[in-house]
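Listed below, chain by chain, are the residues.
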Amino acid sequence: QVQLVESGGGLVQAGGSLRLSCAASGRTFSSYTMGWFRQAPGKEREFVAAISQYGAYTYYGDFVKGRFTISRDNAKKLVSLQMKSLKPEDTAVYYCAAKTSGTYSEGRWYDYWGQGTQVTVSS
């Protein structure tokens, strides 16, 4: 199996930037599509971004509008989410996840999840 640990969350003013990272353990990191999801109070978990096994394909939620970039480094077993032009509505707990099959944007297809990291964007 794979274990995931997120880091990089924090407090930032609107318009600022943050880079989240997810460190993975396991021998077969490149076998997984990696994704980021988020969940705000009173809302369901929401798809943010995903990246294919070797980074050839990326996918983003509709709300991103060019502001976020997902990347991965299989040699280091890391996946990152660069967030810029942050808005208060981006405030949420952000989760890293890994899957081997299924639809990239649906959380039920992901096999492994991290504990999450809090992102708070002030006005």
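Structure shown above.
The text that follows walks through the structure, step by step, so that each part is easy to find. Keep in mind that this is a model prediction, so the values were computed, not measured.

Time to look at the overall build of the protein chain. Counting its secondary structure elements, the protein chain contains zero helices and 11 strands. Taking 2.2 N^0.38 as the reference for a compact globule, 123 residues should give roughly 14 Å; the C-alpha atoms of the protein chain span a radius of gyration of 13 Å, in line with that estimate. Expressed along its principal axes, the backbone C-alpha trace of the protein chain runs to roughly 40 × 25 × 25 Å. Each of the 123 residues in the protein chain was classed as buried or not, and the buried ones make up 40%. Residue pairs in contact within the protein chain that sit at least 24 positions apart in sequence constitute 56% of those at least 6 positions apart.

In total, this model carries one disulfide according to the counting rule given. Here Cys 22 engages in a disulfide with Cys 96; their sulfurs sit 2.1 Å apart. With the S-S bond torsion at -80 degrees, the cross-link from Cys 22 to Cys 96 turns out left-handed. Taken together, the residues Cys 22 in strand 3 (residues 18-25) and Cys 96 in strand 9 (residues 92-99) connect sequence positions 74 residues apart. Considered together, Cys 22 and Cys 96 belong to a single accessibility category, that of buried residues.

For a regular strand, side-chain orientation follows a simple rule: the groups alternate between the two sheet faces. Taking every second residue as pointing to the same face, the buried face of strand 1 (residues 3-7) carries Leu 4 and Glu 6, while none of Gln 3, Val 5 and Ser 7 on the other face is buried. Here strand 1 pairs with strand 3 via five bridges, running antiparallel. Residue Glu 6 lies in a different strand from strand 3, and its bridge partner there is Cys 22.

Before going further, it helps to spend a moment on the pattern of salt bridges. Under the definition given, this model contains four salt bridges. Two residues, Glu 46 and Arg 38, come together in a salt bridge whose shortest N-O distance is 2.9 Å. Judged by its relative accessible area of 6%, Arg 38 falls in the buried class. Residues Arg 67 and Asp 90 are paired through a salt bridge, measuring 2.8 Å at the closest nitrogen-oxygen approach. Linking Arg 67 in the loop between strand 6 (58-60) and strand 7 (68-73) with Asp 90 in the loop between strand 8 (78-83) and strand 9, this pair joins segments that are 23 residues apart in sequence. Just as Arg 67 is buried, Asp 90 falls in that class too. Here the residues in one salt-bridge network are Arg 38, Glu 46, Arg 67 and Asp 90, joined through shared partners.

Conventions we followed
Residues numbered from 1 in each chain as written. Predicted model: local features only at pLDDT ≥ 70, side-chain atom pairs only at ≥ 80, totals over all residues. Heavy atoms only, no water. Helix = DSSP H or I, 4+ residues; strand = E, 2+ residues; numbered from the N terminus. Rg over C-alpha atoms; globule rule 2.2 N^0.38 Å. Buried < 20%, exposed > 50% of the residue type's maximum accessible area, 1.4 Å probe, protein only. Contact = heavy atoms within 4.5 Å. Disulfide = S-S within 2.5 Å. Pairing = 2+ DSSP bridges. Salt bridge = Lys/Arg side-chain N within 4 Å of Asp/Glu carboxyl O.

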